[in-house]
Amino acid sequence: MAEPLFTKPLQIPKKGEKVYELNAEEIHGIHGRRSIKWGLGPGMGGFSPLEIRDWVKAGAPLTSVDLMLTRGCNFKCEYCYVGELTPKEKLPFDKLTEIIDDCIQVGVKVFILTGGEPFVYRDNKRSPLDVIEMIHQKYGKAGRSVKVSMFTDMGMITPQIAQRLFDLQVALCTKRDSLDPSVQDRILCVPGGMSMMEKGYANLFDVGYGSKEGPPITVNSVFSRDTMNGMIPLHRWVRGHGMEHSIVPIHYCGNAENDPQQEGITSVHVKALYEIVSLIDELEFDDPWPVYSAFSVNRTCNRNISGVHIRSNGDVTACSESPSFNVDGSPIEDYVFGNVMNGDRLLDIARSKKLKNHRENFPQGYGDYICNPEVCDLSANDLCRGGCATRSAYSRIDPVTGLIVQNTDRKMYSHRREDPLCPGWTNLAIKQNALKQGLYAQTLRDLLEPARELLPRNMYDQLIKRLLDSPPQLRA
């Protein structure tokens, strides 16, 4: 069992006590950054919530749709949220054409293709590229604009596939957790897996991904005990190749539910890592950003404003990882709005009372400590919706110790939602003098030291000076 982080329990903030207090310029800066270049942050994170709300006000009951083409995958990642895979489960191409027709009618503007691994998908010789072309053809015929994004683990990206993705201007969210082959292959559970990924990246770079003219590309990395020591060199590799970096702290979900990797990753680690990479972005890439939210670069999940996820079994759900079962195995129906494989039309689901009620109730599901408009200006200004709802459903912070523990109340996906891995918890602990003395500074050093010899000359000293010469800045 890890040592407690707190010397005393956290208290629910009193009236007027804030985790984050932002001025108008800071609020405008975060909104503005999200609209610079769309991409694949978490849950439509590449768009400003204000932009999405404008689409809804214009009459679109649904603005984004995730299509889980298949559960099949070429890797067997030890922490995969999908859990036990059923490779043959997929969305038939004919059903996809019906879904796209409905999407045009209800105002969908963004599609995100997911899996499993999308490139495992085949249906009557149709591939994910055929799905993308079909989407563009139907939207073009209807005189509508559309953006298509895709998650991929990179292991199947050939030169030909890379060129077609570029030609179709597909935004990508790719995978890489480490620059160390032994670490990456162990995570993938496939020998030589990292070599396959590197060939995929080389093929994408060859056709123009990572350039200023290329489509957006983001690297998704899981932050765990396994990847902790290599996260800073990985971040520099990502940014140095013209890509954005989405860092996802591991938590209790899917295969990671019983994986010891999630133990020991806390809000303190997340805040420290974000402070380091934000300063690297400033010093090396002239791209400064303040550390506030549970996502790097202050992205946020916008899925529950006006999006849905369609699983490979046809379930239309709140998001890819919204809980389907309580801890006792009983089903949770709150986050499933219909099933397109069982005769339900997406057209009807998008306008259903159940989905409408979910949309209206979700913003009111804030918590007591850090995730509510009274204590956090991110929440008050529609800049964060409680962090990652899935993390809130499966994991929670123990306010006595500061450690992450398994959550037994899956309904916290939408009720009393507080992301246990948000840096705001550490801010609150510092403000209440509850964090162990020297812990935050030691965590910064622990993350920086393994990267010392790999950083440019003098950068380590600059980082240490900026981060450790004074107490942690709360930006409040």
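What counts and what doesn't
Residues numbered from 1 in each chain as written. Predicted model: local features only at pLDDT ≥ 70, side-chain atom pairs only at ≥ 80, totals over all residues. Heavy atoms only, no water. Helix = DSSP H or I, 4+ residues; strand = E, 2+ residues; numbered from the N terminus. Rg over C-alpha atoms; globule rule 2.2 N^0.38 Å. Buried < 20%, exposed > 50% of the residue type's maximum accessible area, 1.4 Å probe, protein only. Axes fitted to C-alpha atoms, helices over the stretch in contact; angles between N-to-C directions. Left-handed = near helix turned anticlockwise from the far one by under 90°. Contact = heavy atoms within 4.5 Å. Arc of directions from axis to C-beta. Pairing = 2+ DSSP bridges. Phe/Tyr/Trp six-rings, centres within 6.5 Å; stacked < 30°, edge-to-face > 60°. Lys NZ or Arg CZ within 6 Å of the ring centre and 35° of its normal. Disulfide = S-S within 2.5 Å. Salt bridge = Lys/Arg side-chain N within 4 Å of Asp/Glu carboxyl O. Parallel < 35°, antiparallel > 145°, perpendicular 65-115°, else oblique.

### Points about the overall build of the protein
Regarding its fold elements, the protein presents 17 helices and eleven strands. Here the C-alpha atoms of the protein give a radius of gyration of 21 Å, agreeing with the 23 Å that 2.2 N^0.38 yields for 476 residues. A principal-axis box enclosing the C-alpha atoms of the protein has dimensions of 60 × 45 × 45 Å. In the protein, which comprises 476 residues, the proportion classed as buried is 58%.

### Thoughts on the packing of helix α3 (residues 93-106) against helix α4 (residues 128-141)
What describes two packed helices is the angle between their axes and the distance between those same axes. Their axes nearest at 10 Å, the elements α3 and α4 cross at an angle of 35°. With respect to the hand of their crossing, α3 and α4 are arranged in right-handed fashion. Contacts from Phe93, Leu96, Thr97, Ile100, Asp101, Cys103 and Ile104 in α3 reach Asp130, Val131, Met134, Ile135, Lys138 and Tyr139 in α4.

### With respect to helix α16 (residues 439-448)
Turning to α16, its buried residues number three or more, namely Tyr440, Thr443, Leu444, Leu447 and Leu448. All buried residues of α16 fall inside an arc of 130° around its axis, so they share one side. Where α16 is buried, its residues touch β5 (217-223), α8 (231-240), α9 (267-285), α15 (424-431) and α17 (459-468).

### Some thoughts on the sheet that holds strand β4 (residues 171-175)
Strand order across the open sheet formed by nine strands is β6-β5-β4-β3-β2-β1-β7-β8-β9, with mixed pairing between neighbours. The strands lining the two open edges of the sheet, one partner per strand, are β6 (244-249) and β9 (336-339). The sheet shows a mean angle of 20° between the axes of neighbouring strands, taken without regard to direction. Pairing between β5 and β6: six bridges, direction parallel. Paired with Val219 across the two strands is His245, which belongs to β6.

### Looking at helix α6 (residues 181-188)
Within α6 the residues assigned to the buried category are Val183, Gln184, Asp185, Ile187 and Leu188. Buried positions along α6 lie against β4 and α7 (193-207). In the segment just after α6, Cys189 is the residue with positive phi, at about 60°.

### Observations concerning the packing of aromatic side chains
Tallied over the entire structure, the rule returns ten aromatic pairs. Consider the rings of Tyr274 and Trp289, whose centres lie 6.4 Å apart with planes at 65°: the pair is edge-to-face. One end of the pair, Tyr274, is in helix α9; the other, Trp289, is in the loop between α9 and α10 (303-306), and 15 residues separate them in sequence. You'll find Tyr274 and Trp289 in the same group, each marked buried. An aromatic cluster of three or more residues is present, and its members are Tyr201, Phe205 and Trp237. Over the aromatic face of Trp237 sits the side chain of Arg176, whose NZ or CZ is 4.6 Å from the ring centroid. Sitting above the plane of the Phe362 ring, Arg417 keeps its charged end 3.7 Å from the centroid.

### Digging into the state of the cysteines
The full count for this structure, using the stated rule, is zero disulfides. Distance from the sulfur of Cys301, which forms no disulfide, to the nearest cysteine sulfur (Cys319) is 6.4 Å. In this structure Cys384 is a free cysteine whose sulfur lies 5.9 Å from that of Cys371, the closest cysteine sulfur available.

### Side note on the pattern of salt bridges
Where charged atoms from two side chains of opposite charge approach closely, those side chains can pair. All told, the structure shown has 25 salt bridges when counted by the stated rule. Residues joined by salt bridges that share partners form a network here, namely Lys95, Glu98, Asp102 and Arg345.

### Here's the deal with unusual backbone geometry
Cis rather than trans, the peptide bond between Gly115 and Gly116 has omega equal to 25°. You can see Gly116 is positioned in the loop between β2 (110-114) and α4. At Cys189, a position not held by glycine, the phi torsion is positive, near 60°. Looking at the element boundaries, Cys189 is found in the loop between α6 and α7. Assessed through its relative accessible area of 40%, Cys189 is described here as partly exposed.

### Here we look at the packing of α4 against helix α5 (residues 159-167)
Two numbers describe how α4 lies on α5: the axes approach to 11 Å, and their chain directions differ by 15°. Judged by the inter-axis angle, α4 sits roughly parallel to α5. Here α4 runs over α5; the crossing is left-handed. Mapping the contact onto sequence places Leu129, Ile132 and Glu133 in α4 and Ile161, Arg164 and Leu165 in α5.

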